[in-house]
Structure formats: structure tokens, C-alpha cells
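Spelled out, the chains give:
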Amino acid sequence: MKTRVIFASLILGLGLVSTQADAATTTNTDDSPAATKPASAMLVNGSQKQFAAYIGQNVVKFAQTTNWQNFMSVVSLYNQSPSAVLALSPAERTKFNEAATQLQNTLVKQKNANASHWMNQADYTTRMINYLWNVNQTAAEAADIQ
């Protein structure tokens, strides 16, 4: 009887040790659009002001449109507090995405290295903001289900 108790304790102990080893090797992955991009690949940390200056000098007509204002207001809000963009209404989100599309089309027509650089940064920023909206929507739907 004593040997059975010792044997059962040994098996239980080995099971716990192997479970802890598996838990220690678990890794979390970030599948967000900006996970593999450095912060310099987005319109953050003051680069949105340089971008605004570039647009103001090189794409004057677009800089005077409401699409430009819609785009920059969301990007500025994102820079102030990324979570603040979650409070935007669906209509404001739609306006932002329309403005981002128009901005991409405008920058494609520029056909120079600076325009390409800014186009990539605007695209990464747009994708990150949309990613936040999608994740927040999914979380809200999961909370509604519960």
C-alpha cells in the first residue's frame, strides 16, 4: 500500500512538472498590421506634422479638401491617444476610410520617392487604426454574447 501511494505521488509530481514546463514555453503573437513595422513606418511621434507640411507644399488642392481634414483629424487623435479613436462614430470611421483612399490615390499620382514614403506611412497608420476598430468591435460583440 505504501509503495502505491509513493508511486501515485511520483506520477502526480511528474505530471505537474511537465505542465509547468509547457506553460513556461507559451508565447503570445501579435498579428496587428504594425507588429513587424517600426514606429517610424507610421505617422506618429511628430511625423504627421511633417506629412502635413509635405501635403501642404506638394498637393495644395488636396490639402484644402474636407477629406484631408477628416484624415488628419483622426490621425492627430490617434497620436494624442490611440484608444480615443475607438470613440469615433461609424459615420466618422467611414469618412476617415474614404479620405484615406482619396489620399492614397492622390499620392500615387505624385510618382516620386517622397510621395511613396508618405503613402506607405499613411497606409500603415490607416491599417493600424482600422485594426483597432476591428478588434474593439470583436470585443464588444463578444461582450454582448455573454
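Residues numbered from 1 in each chain as written. Predicted model: local features only at pLDDT ≥ 70, side-chain atom pairs only at ≥ 80, totals over all residues. Heavy atoms only, no water.

Enquirer: Could you give an account of unusual backbone geometry, with specific residues and numbers?
Expert: Backbone phi values are negative for most residues with the exception of glycine, while trans is the configuration of most peptide bonds. Positive phi values are uncommon outside glycine, yet K111 reaches one of about 55°. Along the chain, K111 falls in the loop between α5 (90–110) and α6 (113–145). (Helix = DSSP H or I, 4+ residues; strand = E, 2+ residues; numbered from the N terminus.)

Enquirer: Outline the nonpolar core, supporting the account with residue identities and numerical values.
Expert: Of all hydrophobic cores here, the largest spans 28 residues; its most connected members are F51, I55, W68, F71, L103 and L107. Within the residue set of this core, elements represented by two or more residues are α2 (47–58), α4 (66–80), α5 and α6. With eight residues, α6 is the single largest residue contributor to this core. With sequence-adjacent residues up to four places away left out, W68 is seen in contact with F51, A52, I55, F62, A63 and L103. (Core = buried A, V, L, I, M, F, W, Y, C linked by side-chain atoms within 4.5 Å. Buried < 20%, exposed > 50% of the residue type's maximum accessible area, 1.4 Å probe, protein only. Contact = heavy atoms within 4.5 Å.)

Enquirer: Could you give an account of the side chain of T106, naming the residues involved and the relevant values?
Expert: Looking at the element boundaries, T106 is found in helix α5. Exposure remark for T106: the relative accessible area of 13% places this residue in the buried category. Residues within four places of T106 in sequence aside, it is in contact with V59 and F62.

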